[in-house]
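# An overview of the molecular structure
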Amino acid sequence: MELKDISRELLVKPGKKVDLSKWDPDWTPGVKDNEEAEAALAKNQEKLAKLQNLLFAENKHAVLVVLQGMDTSGKDSTIRHVMYGVNPNACKVTYFKAPTPQELDHDFLWRIHQHVPAKGEIGIFNRSHYEDVLIVRVKNLVPKEVWSKRYKQINQFEHILARNGTTILKFFLHISKDEQKKQLEERLADPTKNWKMNPDDLKERARWDEYMKAYEAALGECSTKWAPWYIIPSDKKWFRNLAVSQIIVEALEGLKMKYPKPDFDPKKVTVE
């Protein structure tokens, strides 16, 4: 298997049910080891920097990257490694936390739409509108008759974005329960990581099976041709970073972008 096959292997095919127990979080398709992954990631980082510059210059497309995953799955780390070298002027990261009273007075997608990237930009959602069919479902924050209708609403929302020039790439960072235990224990043992730990995280961990069912539903219901989901095995950080970078680079290359031609003849302009 080659790197170009990663996107096909990790894609959640539209219309297919998802059983996460059949996806090995330690799987590294197409990559032998950390050394090979780091070399390939460095090349992708260089490509991504150039492609982002082209995206910004052409100003015809926007790219939205959605990152979801259980606590400690590596959403922040993925952003740091994959987007290394990208121009921050045209790349915005949005962190979605519990909605404010104002946001609760609107439909659940209202606060999301305000952060959708403009043409020429890459927007990254660290958590997203999918919280409204994940944590809302697991914690019974709204009735089933409400959240169950949101899958269709999300698909329609993403379809509108796609039809208006936004390329949407959604990544579920899939870690094992054992790996999460390891990561949480490291946070407790390392004084420089204590701040990342919240005792309430353990309450969420206790609902692991419920979250897996919620994720399976979201991935199966909302992986579409215009906004696909990818399940990224994330127990090995080096594979996680490479896989996400590979899929983003391929998507940008697929846009067939070109630098705009100036409305003047550069050869006739003299700089004194």
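To be clear, the structure that these remarks concern was listed above.
Remember, it's a predicted structure, so these values are computed and weren't measured experimentally.

### Regarding the pattern of salt bridges
In total, this model carries 13 salt bridges according to the counting rule given. For Lys236, the salt bridge goes to Asp26, with nearest N and O atoms at 2.7 Å. Of this pair, Lys236 sits in the loop between strand E5 (229-233) and helix H12 (237-253) while Asp26 sits in the loop between helix H1 (6-10) and helix H2 (34-58), and the two are 210 residues apart along the sequence. Since its relative accessible area comes to 27%, Lys236 is described here as partly exposed. In this structure, Glu46 and Lys50 form a salt bridge, with 3.7 Å as the shortest nitrogen-oxygen distance. Of the two residues, Glu46 and Lys50 both sit in helix H2, four residues apart, roughly one turn of that helix. Look at Lys50 and you get exposed, because its relative accessible area is 54%.

### Quick look at unusual backbone geometry
A positive phi angle is found at Arg127, which is not glycine, with a value near 70 degrees. Even without a glycine there, the phi angle at Asn140 is positive, about 55 degrees. Of note, Asn140 is situated in the loop between helix H6 (135-138) and helix H7 (144-147). On the accessibility criterion, Asn140 (61% relative accessible area) is exposed.

### A look at the packing of aromatic side chains
For the structure shown, the criterion picks out five aromatic pairs. One Lys or Arg, Arg150, reaches over the ring of Phe108 and ends 4.6 Å from the middle of that ring.

### Describing helix H11 (residues 208-222)
Between its terminal C-alpha atoms H11 stretches 21 Å, which fits the 21 Å expected from 15 residues at 1.5 Å a residue. Extensive coverage of H11 is indicated by the burial of 11 of its 15 residues.

Rules and cut-offs
Residues numbered from 1 in each chain as written. Predicted model: local features only at pLDDT ≥ 70, side-chain atom pairs only at ≥ 80, totals over all residues. Heavy atoms only, no water. Salt bridge = Lys/Arg side-chain N within 4 Å of Asp/Glu carboxyl O. Helix = DSSP H or I, 4+ residues; strand = E, 2+ residues; numbered from the N terminus. Buried < 20%, exposed > 50% of the residue type's maximum accessible area, 1.4 Å probe, protein only. Phe/Tyr/Trp six-rings, centres within 6.5 Å; stacked < 30°, edge-to-face > 60°. Lys NZ or Arg CZ within 6 Å of the ring centre and 35° of its normal. Expected span 1.5 Å × (residues − 1).

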